[in-house]
Each structure stands twice: as structure tokens, then as C-alpha cells.
Amino acid sequence: MSSASTSSLPLALSGGTRLAGGFLRELWHDKPAAIGLLVILLIIAMAIFAPLIAPYDPAAQSLIARLKPPAWLAGGSWAHPLGTDHLGRDVLSRVIWGSRATLLIGFSVVLLAGTFGVIVGLWAGYAGGRVDSLVMRLVDIQVSFPGILLILLIVSVIGPSITTMIVVLAVTNWMVYARQVRGIVMSVRQTAYVEAAEVIGCRPGRVIFRHILPNLFSPILTVAILEFTNIVLAEAAISFLGLGVQPPATSWGLDVAAARDYIFIAWWLITFPGLSIVATVLSVNLFANWVRITADPQEREKRFARAQAAKRRRARGDQATVPAE
Amino acid sequence: MNDTFRRVLAAAVFSAGSLTAGAVLAQSITIAIGSEPSTLDPQLRDDGGERQVNDNIYETLLARTPTGELVPSLAAEMPKQIDDLTWEFTLREGVTFHNGEPFNADAVVYSVKRVVAPENASEQMAYLGTIAGAEKVDDYKVRITTSGPDPILPSRMYWMKIVPPKHAEEADLAAQPVGTGPYKFVSWNRGSDITLEANADHRDGAPDVEQVTYRFVTEPGTRLSGLMAGEFDVIVNLPPEFTATVPKFAAVRGIETSTIILSTDNEATRDPRVRQALNIAIDRKAIADNLFLGYAEVAKGQLIHPNAFGFNKSIEAYPYDPDRARQLLAEAGAEGSTIELLGESGRWLKDREVIEAVAGYWTEIGLKVDVQIEEFSRYLDRLFDMKVRPDAYFVLNSNELFDADREMSFAYEAGAGGASNSEKELAETIRAARTETDLEERSTLYDKLTAKLHEEAFDVPLFNHQDIYGMSARMEWQPRVDGKLIVKEMSVAE
């Protein structure tokens, strides 16, 4: 039944979606990655449709009903399924609304810092020589400069807001990409196919983007995912200092930071926004791992081989068990 | 024979000495304070962390009892006022600094001149305002002169720590504090801790606690964990939710009052009706009962502390009435307008929570509140920036002088401190009250001032706060009303 529907699908669809369908089928074989993607999509949907889903205004307070536990504990009620915080605000609504700032900041910063860092790294690694040492010294200087000082400086000039936060975190976090990329570019430049491309007269742009960049995909993805986690936590710290997300808006990180003081008497304040961060980072990780392998021809070949070997082993194992009995 | 006796005696004294030395280890305590001192120079900064340490190393001419009464300390008796501008202090004899320098008139004159010297730009001048200079009469008599008549000069001398002149000139006072107090400085590991040891030669005898270590822990949660783990003996600013959790706690009505200063010049808060609406929109009782669990009282409609001279007994807090607030806003045509509310986070107990709760109440009466929680130094810059005033800012004012002049000069005197108005007449009355020497007349002036400030709602007075300390089971200590951590008043039950 399922094989019939999948085989009839490509006939009806255009080339692009056939490709996407192929990837989806491949993804379905990697269950954790599929679940990861599902969770990511759910969280994104939650962020987009926050006003429709959230049962309360996240800023609506009720001091009399503060620190109420989640519904399933004694003293909790289904009016506030995840309980209320130190000002009597609904934790569930805050988790739903908090996803907006967290995702926006996390993804934007990784994208901005990543793009800038990769371009700088490519340039330094490809040009080499004086350009390389100059650019890399700049990176060294910024790495040694305390990030929080730079953040204070920039925010005091522009004033705290989500946009400022994105810019500031991007400015203080691009260096790791540049260093990573530069290293890989240096080594890839020595390979035969890049030299060949240069010898037959390819322009630098073509060499960089066509022959070198694809090699960067999987390491950069790994760095970006690690950085995403970092950014979420940095955002929490900065917001708590009063330099980032301002009330009544909220973010997961800010709620985690504010809940620290109540950890002994109201664990639910820190747990649910914390779990949301964990779920997001884990899902991104699982999915990205699959993307990395899928995007890398060699890795993909290995995975295919492993799958085939496993299938053969299973088949053989089935035959082998019969005579044994 | 005589010689043998002396030797035996010496041995006995020695072993007694080593016995006490053995007990020393048991008598050391650790106090977790909220911030690391920016310096240990006792005369430059207005820094709570610095005071928490230096209050034990240095002494002042006058001190306060734990209940707030002014008593002589380095002075032998209470000062005599010679004329409007001159006060005479007789000094205690036979006191020496930890490094052996004698305490005398020269030390007092040097200390006064050092703190008022314009090139030192001491932040403590906010407390020492009128002091102009000092002159030596004889070795143990000093006259302190003021720029205008100053009835509260004795309270100011409770603030000014006396430093040793020679050491201050030759060594680095910011890193090597030397005072006359019950504790001597031992070490300062930057970023981690400061250690003091008991001064056995102190005139009141050696204090109970032999050694005290201060640790700098910013977060209340971390301080609490440290106390529960047995790492700390005393922690400051214990969140009231945990008074039942910790081994011991003590609360005392402190000297701090929280308020929100409103700008009378800014467009959004110019209309007195809007400012009154901001006052009656807040359910202060609910915040005091639920957020502070009763460890804060609703302020009596004024920033002046109830223990201070000049407190107006006839004023009551604005009652909570959101409907009336909405009505007032409608009359002023200010429905839906935006009000910026400047604040900070982490400096005072539950500061962020109070700011968010107030913003919530203001939103409920139909205003848009632009909350701006800023990093503390940036917050201070904006608070003292006389050119651009925030519509409203949250602040906790502590009245160490026990006199209304402290609040008046900080919050309402146009052009000074953190005042957000430009009323010349008001400022003149405040200055007149400062230099009025007739107590009754002075009290009448303050009553008039506080009544005007209340009626026209120059601010939103919130709470009189209590100081809550968490303690380990072995600590014995009754906190002071002036919020000082005086270690010689602590003892350890073993």
C-alpha cells in the first residue's frame, strides 16, 4: 500500500519535489533525525502562532496567585497547566511567547555571524600571505578582547533591544567561523583538483565557491549548531543584565535566568523554559547531523554501505537461525 | 628563684596563648556579600561592598548603637557647637592605628581635608555636603567648620572614616586599609575574597570572631546554596521565600525606601493627575504581602524614612483604586500614552520583580509602559544625567543620616542628585530646611515639603524595606537598623 502510493507520487509531481520527496524518504529511514525535524517544525509553528495558542497574555500578572505548581501536583490547577511564576504569570504562555525571541535571536545571530565569518575565513585562507596574517591578527585581537565589554559599549551607544542584541552577538561571535574556515581552505587549496581548476584558468570566485566551499559544509554546520546553543545561553545572560530582551517581552533564556533564585521552591519556573531550550538544541543537532551526512558524498556513501551491510547481515542472520534450531 | 618563677609564668602565658590560638580556627566565619568592593579606600566611593568591609577596619568620630542612637566612638564625648558654622570634637586618647600611628587631632584634620579636597572628587560628599574644613585646637581637640549652618553635622561625622595620615601619604590606601577598628586587614584575593583578623589591641577588647572572610556572590540563589552547604555563616539579602529553609535568619527594618521618581518636566508625566494615577494604580499591599511576604511595609506616602527627622506623620499612602486611576488618566487626556520606566536588576532585593509588577499595574490602567532594565553603571549614568530625564525611574534610597535632608537632596532638589524636576522654589525651600537650626521650624519646613511632594505626586513611594539575613546555625547576631555588618557584634556558638 505504502509502496504503491510512493511510486505513484513521483509521476504526479515535478522534478524539484521529486528530489525533495527522495530526501524525505531518506530522512524517514533515520528516525531520530525525522523526529528532530518534526520537533523543530512544531517549535517554529509555536513561535509563529503564539497569539493563537497561548492561553494567557504572557505579561498578565496576578500577585495573589504566584508560584502555583503545575496542574498535576497538589495545589495546581488546569487553569495554569505548567503553573505560574513569581509574579503569577502563566508559565505555559511565557514558554510559548518566549520561543519567539529565542529562535529569532539564535537563528539570526548564527546566520549573520556565520556568513560574515565564513566570508572572512575564505578570503584569508585563499589569499594567504599578508592578507591572511592581517585578517587573522584582527581575529586574534577580537578574541582576546572581553566580549562583555564590547557588548556593554555597543549597547550603551544604541540602547537595548532585540535588534541590538542580534547585531552585538553577531559582532562578538563571528571569529570562530573565520578561524575554522581559514584552516580548511588552507588545506583544501593544496589538493589536486583545486590546483587543476586554477591551472585551467578558473577565476578565484569560481574556485572558491565551486571547489572549496562544498568542503566546508559539514564542519561549518557542526560549529554553527554548537554556536546556536552558546547564543541561546549568552542571550539569557545578557538579558538578565538588562541589555537585551526587555519586559514585558520575554525569552526562554531570560525566564531561566530569572527563575534561578526560586529553584529550591518552584522548580517549574526554570524547568519548562530550560526543557524548551534542550528540546530545540537537541532537535537541531539530530537533524543537522543527518543533513551533514546527506550533504557529504563520502559520508553518504559510507552510510549507504552500512545500511546495505546491515540488511545483508539481517538476511543472513535469519537463515542462520533456522538450522541452529 | 625569682627567675624560675618568671620562666614558669612565661610558659603558662605561652601555653594559654597557644590555647587561644587553637580556638582561633573555630572562631572564623565567612560572610557572603553581594558585590566586590571597587576599592578599599574608605573615603572615595559611595560603594556598599566597600562599606561592608571597611566598617570593621575603620572607625568614625561618632557611631550608632544597633538601634540607631548616635554615640561617641573615636570622639570622647558628643560634639559641642561653638557657633553656627563650627563644631568642636574632643578626641579619645591612647588610640593607635593598626600600623602603630597614633590617633590624634592631626589624623582627624588630615582625614577631613582629604575627603573634601576637590581633586579627590569623593562620591561621599553626598553625605558630607556642608563640611568645609577642620582645624587642630590641641592634640585631642578638633574644630570642624561647615559652609552653612548644619544641624545634622554630628550624623555626617558618623559617616566619615578616619585614616592614618602617614600611611595614606606613603602607601596605597586603596589596597592596604589601615584603621583603628576592631579588625585588621589581612588579604584581598581580587574576584574572590577579603580576609580580616581580630585586632586584639582594640580598646573594647578582642572581638569574639577571630577571623572573617568576605566572599563576593552576586546571585541570591548562589548565596543561598552556599549557606545551605555550610560554606557561609552570614548571607545578605535573603529572599523572603527562604526564611523557613535556612538554619537561621534575622530581619530588621532597615533604612531603605523604594520609590519611582517621576519627571515633572517630561511630556508623559507633566500633568499631576497622570502622576497621581500612577500612584493609585499600584496595589502596594499585594506586592508587600506576596512578593516580600510581609518583609516590606507600604511606605507612608513619602520617601522620607519613618526613623528620619522630617518624616511627616500626617501623610498616608495613596489607596489602590484602578478605576479612579483610569478616570484621572481620562481627565488628563493621557489614555494609552507611553511611559518609560528605567530600572536595573540584581542590585536590590527583588528589584526586577517590583519593576515588572509596577509595569503590569500601569498597563492595567491603559498605559503603555516602556520598561528599560539597564546594566547598573549605565543605569546610574542615566539616573544622574541632568539633561535627559527618564519619565520614571525605580530606585532604592537608604537614609544613613536619619534626616530628611538625605532624601530631599537626592530626589527632589532640582539640578542635584537624581531629581527630575526644575522647580526653583522647591529647591530653595530644601536648602533653607538644610541650614535651619531651629528644630521646630525645620520640622515645619519638612512637613510642608513632604505634603507638596505627596499632593503633586513627584514620585511613587513604594515600600519601607526590611533587611533579611540568612545565618548558619552557630551564628548569634542581631542585625542593626542602619544595615551595617559590624562583625564585632557577631558571635559564634560552638
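As the structure is a computational prediction, the values presented were derived from the model and not from experiment. (Residues numbered from 1 in each chain as written. Chains lettered and ligands numbered in written order. Predicted model: local features only at pLDDT ≥ 70, side-chain atom pairs only at ≥ 80, totals over all residues. Heavy atoms only, no water.)

Some points on the confidence of the model for chain B
All names here are of chain B. The pLDDT averaged across chain B works out to 91; a share of 95% of its residues lies at or above 70. Every residue in residues 8-25 scores below 50 in pLDDT, and together they form 1 contact with partners more than four places removed in sequence or on other chains. Complex prediction metrics read pTM 0.80 and ipTM 0.73. (pLDDT = per-residue confidence, 0-100. Contact = heavy atoms within 4.5 Å.)

Overview of the layout of surface pockets
Residues and elements named next belong to chain A. Taken as a whole, the second largest pocket holds about 560 Å³ of empty space. What lines the second largest pocket is a set of 20 residues, and nearest its centre among them are Val 110, Leu 111, Ile 220, Leu 221 and Ala 224. Elements with a contribution of two residues or more to the lining of the second largest pocket: helix H5 (91-127), helix H11 (204-241) and helix H13 (267-295). Top element by residues in the lining of the second largest pocket is H11. It accounts for 9 residues. Tallied by class, residues from the lining of the second largest pocket come to 18 nonpolar, 2 polar and no charged. (1 Å grid on protein atoms, 1.4 Å probe; cavity = no way out; pocket = protein on both sides within 12 Å on 5 of 7 lines; lining within 4 Å. Points joined across faces, edges and corners; volume = space filled by probe spheres on them. Helix = DSSP H or I, 4+ residues; strand = E, 2+ residues; numbered from the N terminus. Nonpolar A, V, L, I, M, F, W, Y, C, P; charged D, E, K, R; others polar.)

Description of the side chain of Thr30(B)
Within the secondary structure, Thr30(B) is located in strand S1 (residues 28-33). Once you skip the residues sitting within four places of it in the chain, Thr30(B) turns out to touch Thr213(B), Arg215(B), Glu231(B), Phe232(B), Asp233(B) and Val234(B).

Looking at the sheet that holds strand S6 (residues 131-138) of chain B
Picture the strands of a sheet paired through backbone hydrogen bonds; they go either parallel or antiparallel. All names here are of chain B. In spatial order, the strands read S4-S5-S7-S6; together these 4 strands make up an open sheet with antiparallel pairing. Lying at the two open borders of the sheet, with one neighbouring strand each, are strand S4 (80-83) and S6. Put simply, the sheet's adjacent strands are angled 30 degrees from each other on average, direction ignored. Pairing of S6 with strand S7 (residues 141-146) involves 6 bridges; the strand directions are antiparallel. Looking across to S7, one finds that Lys 136 is bridged to Val 142. Lying on the sheet, helix H3 (residues 105-116) is in contact with S6 and S7; it crosses S6 at an angle near 165 degrees. (Pairing = 2+ DSSP bridges. Axes fitted to C-alpha atoms, helices over the stretch in contact; angles between N-to-C directions.)

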